[in-house]
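Structural characterization, general
Next come the chains, spelled out residue by residue.
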Amino acid sequence: MGKEHKEHTWNLIAKKLAGEASPAELQELESLLRDNPELHYPVQTIADLWEHTSPADKKQAEEAFGRHLDRIDRFNIEYIPTLTVVADESVERPSYRRKLLLLAPVAIILTGIVILLFSRPAATRVAVFAQSPATHEISTNIGSRTCITLPDSSRVWLNAGSHIQYGKSFGREYREVNLIGEAFFDVAPDAAHPFIIHTRKVDVRVLGTSFNLKSYPTDKTTEATLIRGSIEVSIRNRPSDKIILKSNQKLVVNNDDSLALNTVARRREVRPESLVLIGKPTYEHRSGVVIETSWVDNKLIFQDEEFGDLARQMERWYGVSISFEDPGMEEFRFTGSFEKETIRQALDALKMTDQTARFGYSIEGDRITIHN
């Protein structure tokens, strides 16, 4: 990835955080994140930093950047901003300089992260277990899954394109982990040390139980599916609300508070009118297997799933990038399962599943295009 492409990527991210991104830019950013899963963790980190930065800190950063621009003006230095914001002259908006001030703190941090990531050889972007003086981190690339045992004997299955982090005192003083992506937890009982999982949208508190937690940055919802026991879920922007899930229950939380969940929940049986839904897990008709946890057994099961959502799952499953020439084809619906099939076999199987959902595809390396 060239320098201009790197700058464009973090420009899109910064604009999204500042609320300046257009729908087309948001769609482009989602595609970039799907193509570059190693960006998920730093992007999530930057988003959390931006979200939790106090107004005073943001004001201090703005003032410092403002003084920098003043010096440029004073010495007549030509300044070409890296961040480009196209303003609609018919709508009253903050000045271009003001937008730069708002985006500068994020852009400066993100520039270094993106350059660092894309300066590494592609071969190094794989599942890794990293250690720092204070934390342990485990990451999986798209197309890979792993299972780990934590110091307290809890077991965690980590799905593709996911990241988990925990401190070195885990299991002794506390049991808390940070999750980006999807994981299945089988938590060892320890009443003195509740097990807490932090994601961007929710915090989950348990004593001893088995459940699946899905929180990908590019997904429209965060989902918790409880197999046994009970868990307490707190939604970050609604800290006073505590939701208790019992065995065989599923919680779906909309990641975008500005939308009604029924506009983004794709399965036909899920039609909530609120931002939070408590329902049941989804079972495969023939086998009775819980679809939400089938990936733990290396099965990708889908039931009445829209092609657009299924494509995102297949991207993680097979380590590919899938795009649609005709957005209307994303609404095709499929039911089936994959286990040992190659990506080509999987696509051929979908073509035969429903004769009304006709499509073709082309493959170039790890990039797949769905066409008429």
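As the structure is a prediction and not an experimental result, all values here were calculated from the model. (Residues numbered from 1 in each chain as written. Predicted model: local features only at pLDDT ≥ 70, side-chain atom pairs only at ≥ 80, totals over all residues. Heavy atoms only, no water.)

**Re the overall build of the protein chain**
- Scanning the protein chain from terminus to terminus reveals 7 helices and 19 strands.
- Counting every position in the protein chain, which comprises 372 residues, the buried fraction comes to 47%.
- Intrachain contacts of the protein chain at a sequence separation of at least 6 include 53% that bridge at least 24 residues.
- As displayed, the protein chain offers around 18900 Å² of accessible surface, 52% of which is attributable to carbon and sulfur atoms. (Helix = DSSP H or I, 4+ residues; strand = E, 2+ residues; numbered from the N terminus. Buried < 20%, exposed > 50% of the residue type's maximum accessible area, 1.4 Å probe, protein only. Contact = heavy atoms within 4.5 Å. Areas by Shrake-Rupley, 256 points an atom, 1.4 Å probe, with all protein chains shown as cover.)

**A few points about the sheet that holds strand β19 (residues 367-371)**
- Here 3 strands make up an open sheet; going across it, the order is β16-β19-β18 and the pairing mixed. Of all the strands in the sheet, the pair left with one neighbour each is β16 (321-324) and β18 (360-364). Here the average twist between neighbouring strands, direction ignored, is 20°.
- Sheet topology places β18 next to β19; 5 bridges connect them, and they run antiparallel. Bridge pairing in β19 places G360 opposite H371.
- Here helix α6 (residues 307-318) sits on the sheet and contacts β16 and β19; the angle it forms with β16, its principal contact strand, is near 160°. (Pairing = 2+ DSSP bridges. Axes fitted to C-alpha atoms, helices over the stretch in contact; angles between N-to-C directions.)

**Remarks on the nonpolar core**
- Counting 30 residues, the largest nonpolar core has V177, F185, F195, I197, V204, F211 and I231 as its most contacted members.
- In terms of residue count, strand β6 (residues 175-186) provides more of this core than any other element does, 4 residues in total.
- Leaving out residues up to four positions away in the same chain, I231 has contacts with V204, R205, V206, T209, F211, A224, L226, I243, I244 and L245.
- The next biggest cluster of nonpolar side chains, apart from the first, holds 27 residues, and it includes W317, L350, A357 and F359. (Core = buried A, V, L, I, M, F, W, Y, C linked by side-chain atoms within 4.5 Å.)

**Re the packing of aromatic side chains**
- Per the counting criterion, the structure on display carries 10 aromatic pairs.
- Relative to F211, the ring of F185 lies with its centre 5.4 Å away and its plane at 20°, an arrangement referred to as stacked. Here the residue F185 occupies a position in strand β6, and F211 occupies one in strand β9 (residues 210-215), the gap between them amounting to 26 residues. Accessibility assignment for this pair places F185 and F211 in one class, buried.
- The aromatic ring of Y216 is capped on one face by R316, whose charged end is 3.5 Å from the ring centroid. (Phe/Tyr/Trp six-rings, centres within 6.5 Å; stacked < 30°, edge-to-face > 60°. Lys NZ or Arg CZ within 6 Å of the ring centre and 35° of its normal.)

**Re the pairing of strand β3 (residues 146-149)**
- Of the strand pairs in this sheet, β3 and strand β4 (residues 155-158) are connected by 4 bridges, and their pairing is antiparallel. From the neighbouring strand, T149 faces β4, where its bridge partner is R155.
- Between the end of β3 and the start of β4, which pair antiparallel, lie 5 residues, with S153 showing a positive phi angle near 80°.

**Section: the packing of α6 against helix α7 (residues 343-353)**
- Between α6 and α7, the shortest axis-to-axis distance is 12 Å and the interhelical angle comes to 160°. Here α6 is positioned roughly antiparallel relative to α7, judged by the angle of their axes. Judged by the twist between their axes, the crossing of α6 over α7 is right-handed. Contacts from F307, L310, M314 and Y318 of α6 reach α7 at I343, A346, L347 and L350.
- Grouping the constituent residues of the contact of α6 with α7 by class yields 8 nonpolar, no polar and no charged. (Parallel < 35°, antiparallel > 145°, perpendicular 65-115°, else oblique. Left-handed = near helix turned anticlockwise from the far one by under 90°. Nonpolar A, V, L, I, M, F, W, Y, C, P; charged D, E, K, R; others polar.)

**Structural notes on the environment of S169**
- Structurally, S169 is set in the loop between β5 (163-167) and β6.
- The spacing of S169 and P151 is 18 residues in sequence and 9.3 Å in space, taken between C-alpha atoms.

**A closer look at the pattern of salt bridges**
- As enumerated under the stated definition, the model contains 11 salt bridges in all.
- Between D186 and R228 there is a salt bridge, and its shortest N-O distance comes to 2.8 Å. Of the two residues, D186 is situated in strand β6 and R228 in strand β10 (residues 221-228); the sequence distance between them amounts to 42 residues.
- Relative accessible area serves as the criterion here: at 40%, R228 is assigned to the partly exposed category.
- Here K250 makes a salt bridge to E292, at a shortest N to O gap of 2.8 Å. Of the two residues, K250 is situated in strand β13 (residues 249-254) and E292 in the loop between β14 (276-279) and β15 (300-306); the sequence distance between them amounts to 42 residues.
- In this structure, a network of salt bridges that share partners links the residues K214, D219 and R316. (Salt bridge = Lys/Arg side-chain N within 4 Å of Asp/Glu carboxyl O.)

**Digging into the side chain of K250**
- A residue is classified by how much of its surface remains accessible, and K250, at 5% relative accessible area, is buried.
- A distance of 3.3 Å separates the side chain of K250 from the side chain of E223, its partner in a polar contact.
- Within the local environment of K250, its side chain forms a polar contact with the side chain of E292, the two groups lying 2.8 Å apart. (Polar contact = N/O pair within 3.5 Å; in protein donor to acceptor, adjacent residues only side chain to side chain.)

**Points about the confidence of the model for the protein chain**
- Mean pLDDT over the protein chain works out to 75, with 66% of the residues at or above the 70 mark.
- Below pLDDT 50 for its whole length, residues 109-130 participates in 40 contacts with residues either more than four positions away or in separate chains.
- Between residues 258-274, whose pLDDT stays under 50, and residues either more than four places distant or in other chains, the model counts 39 contacts. (pLDDT = per-residue confidence, 0-100.)

**Section: α7**
- Every buried residue belonging to α7 is among I343, A346, L347 and L350, and all of these are buried. Along the axis of α7, the buried positions cluster into a sector of 95°, meaning they face one direction only.
- Along its buried surface, α7 packs onto β15, α6, β17 (333-338), β18 and β19. (Arc of directions from axis to C-beta.)

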